[in-house]
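Below, each chain spelled out in residue letters.
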Amino acid sequence: MKKYDCVEYDEDMELINSDIIDNVLFETENYNYEKYTKKDVEEALNSNNCSIENYKALLSPAAGDMLEEMAVKAKEEREKHFGNSVYLFTPLYISNYCENHCVYCGFNCMNQIKRAKLTFDEIEKEMAAIKETGLEEILILTGESHKLSDKEYIGEACKIASKYFKTIGLEVYPMNSNDYRYLRECGADYITVFQETYNSKRYKELHLKGHKRIFSYRFNTQERALLGGMRGVAFAALLGLDDFRKDAFATGFHAFLIQRKYPHAEISFSCPRLRPIINNEKINPKDVHERQLLQVMLAYRIFMPYAGITISTRERSGFRDNVLTLAATKISAGVSTGIGSHCNTTEDKGDDQFIIADDRNVQEVYNAVKGKGLQPVMNDYIYV
Amino acid sequence: MDIEDKLQIGKYKFNSRFILGSGKYSVDLIKAAVEYAGAEIITLALRRANTSDKDNITDFIPKNVVLLPNTSGARTAQEAVRIAHLAREIGCGDFIKIEIMKDSKYLLPDNYETIKATEILAKENFTVMPYMYPDLNVARDLVNAGAASVMPLAAPIGSNKGLCTKDFIQILIDEIEIPVIVDAGIGRPSQACEAMEMGAAAVMANTAIATAGNIIQMAGAFKKAIEAGREAYLAKPGRVLNNGASASSPLTGFVLD
């Protein structure tokens, strides 16, 4: 395997035999989206089986002018594979300690924010309060601190969660396959890891300190999680950190190759973006506005129609509700990104990672989903 | 039509030959869809049967229909068996539709694991209805394993493409003694009708109904098509000639002796 950063793997980092990284980075580097025309996009939309080349066309600027046509195709695929089901869940931040220095993140270790982690008793109270809202799926999140939120701490949180929820997702720091095996045994079902950007040079500029610097170890996380027995894996680039078209291409192609290699894996996408500064279009034409974000989500849906897509709470409610009818299949509700704020008796102990744009509670999101003619689904999973 | 023409699955008999899916559309439409479809069996992914008060799908299924829980989500025989046990424990009865998929993209059934699960569950007195890829050898193995029916796919699940595997399903119908129920891929009432004319014992549909403009109306259209197809099958369709018309006068009438 080639090295994509100057940093050697840390001693405790598992090295797996995989050529997916080489394949993804080669294709991404050579992806020239400017060459695709309206005709290529039309061909992609008329195809019954979206090829890699079709997918590249769908992410091109040419396709940006054909959002309506893309939406028609995406809606068709969404209905075929998911009917009108929309899966509801909520994230629970249990710790915001972090050892990484990512220049764009509010949790980064150089920031003087209020740090905290929940005790097991507090986790249980928070989860009981979330359960009361009717939700059956939870996503447990931590900052990336191996010391202050070690795998045993996360494992215990999973064990507590399995008393209350049918589906447990994890968004924590990348680990080795045997760690994932342990967390699976504790009740976890799927993991989400954001690659942030697939441009390894840009990645190095943005990640200055901590385990996260090691680009390729992070890249191979989904594969290690599947080797450890996780049922599903989620992929994301933080769109806007680098060229979003290339990053979106890489995210989809990465997921595609993982599904090829592990056909049983349940694949999903998250679609976070850095919001553009208002009136910045001339300075940065590659900013990700709602139109661009929608294009990416529609392209994911058409390229991998069977994959789940989660719509972020960083987006406004009007965007979230509408994109559910076209591309997204999963929506968070009753979200707080602080440490411990679901339950009245737990004090809000730590600062939030980011500001959310949709603060509706579970019932409000549920009603909005129904209002779109969609069926809210609290659970579609059995732990076996 | 013979009034005793019933669909027999294991020890159970049904008048309707339309098995309705319950996923992919709003739960508050299930009751009306069942009525318009005239369905007596409705499938339910056990993984959807949650414990929450919010839109629990089982609350929307009319009590007078037989619940056919499926094992979707299972990737091995062992997992399917565990889900079947859970279904029985929560009071879903002894019907079980085995669905074992190891592929998240096409959701094609794993025939090998399906045979193993069928054998285990049939011995435990489940009425086992395996979803399968139409392969005669596998169908025979499923019969030997104790299946109450076989449920071959017509096309990839959710595709609405119709009878892509027509010739292979016909072979199963011709060779297998237990009911052959066409499952997955049926997208139009006309395709359901064709399957019934071929001699399928019943048809199962979900996406075709869920993606229709009017779900209730489409459920009714399927009912009529399935009944028409069954009646045509019983009436024994006239032969189809491959090489043009058939002379009504004998061609060999000139022969004297």
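Look up a bit, the structure's there.
In short, a report on the structure. Within each chain, residue numbers correspond to sequence positions counted from 1 in written order. Both sets of labels track the order of writing: A upward for chains, 1 upward for ligands. Given that this is a predicted model, residues contribute local features only at a pLDDT of at least 70 and side-chain atom pairs are listed and counted only at 80 or more, while totals for whole chains, interfaces and linings are drawn from all residues. Excluding hydrogens and water, the side-chain values take into account all heavy atoms of the structure.

## Some remarks on the overall build of chain A
Within chain A one finds 15 helices and 11 strands. Its C-alpha atoms give chain A a radius of gyration of 20 Å, within 12% of the compact-globule value 21 Å for 384 residues. A principal-axis box enclosing the C-alpha atoms of chain A has dimensions of 60 × 50 × 45 Å. In this analysis, two residues are considered to be in contact whenever any of their non-hydrogen atoms come within 4.5 Å of each other. At a minimum sequence separation of 6, the contacts of chain A that also span at least 24 residues come to 73%. A gap of 2 Å separates the mean positions of the 49 positive and 57 negative side-chain charges of chain A. Counting from the N terminus, the helices are the DSSP runs of H or I reaching at least four residues and the strands are the DSSP runs of E reaching at least two. This radius of gyration counts C-alpha atoms alone. The globule rule is 2.2 Å times how many residues there are, raised to the power 0.38. The sign given to each residue is positive for Lys and Arg and negative for Asp and Glu; His and the chain ends receive no count. For this purpose, a charge sits on NZ of Lys, CZ of Arg, CG of Asp or CD of Glu.

## Considerations on the side chain of Arg-230 of chain B
Residue and element names in this part refer to chain B. When you line up the elements, Arg-230 lands in helix α8 (residues 215–234). Reaching out from Arg-230, the side chain makes a polar contact with the side chain of Asp-5 at a distance of 2.7 Å. Beyond its immediate stretch of four places on either side in the chain, Arg-230 contacts Asp-5, Arg-17, Met-196 and Ala-200. Each polar contact in these results corresponds to two N or O atoms within 3.5 Å; when the atoms are within protein, one needs to be able to donate a hydrogen and the other to accept it, and residues that are neighboring in sequence are counted only if both atoms are side-chain atoms.

## Side note on unusual backbone geometry
For Glu-196 of chain A, which is not a glycine, the phi torsion comes out positive at approximately 70 degrees. Mapped onto the elements of the fold, Glu-196 of chain A is located in strand β5 (residues 190–196). Residue classification places Glu-196 of chain A among the buried residues on the basis of a relative accessible area of 6%. For Asn-125 of chain B, which is not a glycine, the phi torsion comes out positive at approximately 65 degrees. For Asn-125 of chain B, the position within the fold is in the loop between α3 (111–123) and β7 (127–132). Exposed residues in this analysis have more than 50% of their type's maximum accessible area, buried residues have under 20%, and partly exposed residues fall in between, with area computed by a 1.4 Å probe over protein chains only. With a relative accessible area of 58%, Asn-125 of chain B lands in the exposed category.

## As for the pairing of β5 of chain A
Residue and element names in this part refer to chain A. Burial analysis of β5 places 7 of its 7 residues in the buried class, which makes it a mostly covered element. Both faces of β5 are covered, namely the face carrying Tyr-190, Thr-192, Phe-194 and Glu-196 and the face carrying Ile-191, Val-193 and Gln-195. The pairing criterion for strands is at least two bridges between them, as found by DSSP. Inspection of the sheet shows strand β4 (residues 167–171) paired to β5 by 2 bridges, in the parallel sense. Counted as the bridge partner of Leu-170 is Ile-191 from β5. Remark: the β4/helix α8 (residues 177–185)/β5 crossover connection has right-handed handedness. Taken together, the 6 bridges between β5 and strand β7 (residues 232–237) define a ladder with parallel strand orientation. Note that in β7 the partner of Glu-196 across the bridge is Ala-237. Whether a crossover is right-handed comes down to one check: with the strands pointing away from the viewer, does the path from the first strand over the helix to the second run clockwise; if it does, it is right-handed.

## Quick notes on helix α2 (residues 77–89) of chain B
At 3.6 residues per turn, the α-helix brings residues three or four places apart onto the same side. All names here are of chain B. Multiplying one less than the number of residues by 1.5 Å gives the expected span of a helix. A rise of 1.5 Å per residue sets the reference length of α2, with its 13 residues, at 18 Å; its end C-alpha atoms lie 18 Å apart and thus fit the reference within 8%. Buried-residue contacts for α2 involve β5 (66–70), β6 (95–98) and α3. Looking one or two places after α2, you find Gly-91, whose phi comes out positive at around 90 degrees.

## Some points on the environment of Gly-229 of chain B
Here Gly-229 of chain B is to be found in helix α8. Contact partners of Gly-229 of chain B, with chain neighbours within four places excluded, come to Cys-193, Met-196 and Glu-197 of chain B.

## Description of the side chain of Arg-245 of chain A
All names here are of chain A. By the secondary structure assignment, Arg-245 is in helix α12 (residues 244–261). Despite its burial, Arg-245 pairs with no opposite charge; the closest candidate is Asp-243, at 5.5 Å N-O. Separated by 3.0 Å, the side chain of Arg-245 and the backbone oxygen of Leu-59 make a polar contact. In contact with Arg-245, not counting residues within four places along its chain, are Tyr-31, Tyr-33, Leu-59, Ser-60, Pro-61 and Gln-295. Salt bridge, as applied in this entry: a Lys or Arg side-chain nitrogen positioned within 4 Å of an Asp or Glu carboxyl oxygen.

## Some points on the interface of chain A and chain B
A common way to express how large an interface is: the accessible area buried when the components associate. With 36 residues of chain A at the interface, the matching set in chain B holds 29 residues. Note on terms: buried area is the combined drop in 1.4 Å-probe accessible area of two parts once they are placed together, counting the loss on both. Taken over both partners, the interface formed by chain A and chain B buries close to 2,700 Å², and the fraction arising from carbon and sulfur atoms is 46%. Linking chain A to chain B there are 0 salt bridges. For the side of chain A that touches chain B, the per-class residue count stands at 15 nonpolar, 12 polar and 9 charged. Polarity classes work like this: nonpolar for Ala, Val, Leu, Ile, Met, Phe, Trp, Tyr, Cys and Pro, charged for Asp, Glu, Lys and Arg, and polar for all others, with Gly in that last group.

## A closer look at helix α2 (residues 38–46) of chain A
All names here are of chain A. When we look at burial in α2, the residues that qualify are Val-41, Ala-44 and Leu-45. Looking down the long axis of α2, one finds its buried residues gathered within 95 degrees of arc, a one-sided arrangement. For α2, the exposed residues set more than 90 degrees away from the buried face come down to Lys-39, Glu-43 and Asn-46. In this structure, the buried residues of α2 make contact with α3 (52–58), α4 (61–64), α5 (67–82) and α13 (290–303). The directions considered for the arc are those from the helix axis to the C-beta atoms.

## Notes on the packing of aromatic side chains
Here a ring pair, both rings aromatic, is described through the centre-centre distance and the interplanar angle of the planes. Residues and elements named next belong to chain A. The pairing test for Phe, Tyr and Trp rings, Trp by its six-membered ring, is centres within 6.5 Å, and the orientation test on the planes gives stacked under 30 degrees, edge-to-face over 60, and tilted for anything in between. If you walk through the whole model with that rule in mind, you get 17 aromatic pairs over all chains. With a centroid separation of 5.0 Å and an interplanar angle of 40 degrees, the aromatic rings of Tyr-31 and Phe-249 are classed as tilted. You can see Tyr-31 sitting in the loop between α1 (20–29) and α2 and its partner Phe-249 sitting in helix α12, a full 218 residues away along the chain. Classification of Tyr-31 as buried rests on a relative accessible area of 2%. Ring plane angle 20 degrees and centroid distance 5.5 Å describe the contact between Phe-249 and Phe-253, whose orientation is recorded as stacked. Taken as a pair, Phe-249 and Phe-253 lie in helix α12 at a separation of 4 residues, close to a single helical turn. One aromatic cluster in this structure is built from Tyr-31, Tyr-33, Tyr-36, Tyr-55, Phe-249, Phe-253, Phe-256 and Phe-303.

## Observations concerning the nonpolar core
Judged by nonpolar contacts, the single largest core of 116 residues is most densely connected at Met-127, Ile-140 and Met-297 of chain A. When near neighbours in sequence (up to four residues on either side) are disregarded, Met-297 of chain A contacts Cys-271, Ile-309, Ile-311, Phe-319, Val-323, Ala-327 and Ala-328 of chain A. The next biggest cluster of nonpolar side chains, apart from the first, holds 66 residues, and it includes Leu-121, Val-138, Val-203 and Ile-215 of chain B. Note on terminology: a nonpolar core comprises buried Ala, Val, Leu, Ile, Met, Phe, Trp, Tyr and Cys residues joined through side-chain atoms within 4.5 Å.

## Things to note about the pattern of salt bridges
Close approach of charged atoms allows side chains of opposite charge to pair. This model, assessed by the stated rule, comprises 31 salt bridges over all chains. Between Lys-159 of chain A and Glu-156 of chain A there is a salt bridge; the shortest N-O distance is 3.2 Å. Of this pair, Lys-159 of chain A and Glu-156 of chain A both sit in helix α7 (residues 151–164), separated by 3 residues, roughly a single helical turn. Given a relative accessible area of 40%, Lys-159 of chain A falls into the partly exposed group. Of the charged contacts, one joins Asp-94 of chain B and Lys-11 of chain B as a salt bridge, the two residues approaching to 4.0 Å between their closest N and O atoms. Taken together, the positions of Asp-94 of chain B in the loop between α2 and β6 and Lys-11 of chain B in the loop between β1 (7–9) and β2 (12–14) put the pair 83 residues apart, joining distant regions of the chain. Through salt bridges with shared partners, a single ionic network connects Glu-144, Glu-196, Lys-212 and Arg-218 of chain A.

## Describing the packing of helix α4 (residues 136–145) of chain B against helix α5 (residues 166–175) of chain B
Residues and elements named next belong to chain B. Simply put, an axis is a line fit to the C-alpha atoms, just over the touching stretch for a helix, and the angle between two N-to-C directions goes from 0 to 180 degrees. The interhelical angle for the contact between α4 and α5, taken along N-to-C directions, is 40 degrees, at an axis separation of 10 Å. Every pair of crossing elements has a handedness; the one defined by α4 and α5 is right-handed. Every residue of α5 that contacts α4 at Leu-136, Ala-139 and Arg-140 is listed here: Ile-171, Leu-172 and Glu-175. Along the lines of polarity and charge, the residues of the contact of α4 with α5 split into 4 nonpolar, no polar and 2 charged. Helix crossings get a hand from a simple test, with the near helix turned counterclockwise from the far one by less than a right angle marking a left-handed crossing and a clockwise turn marking a right-handed one.

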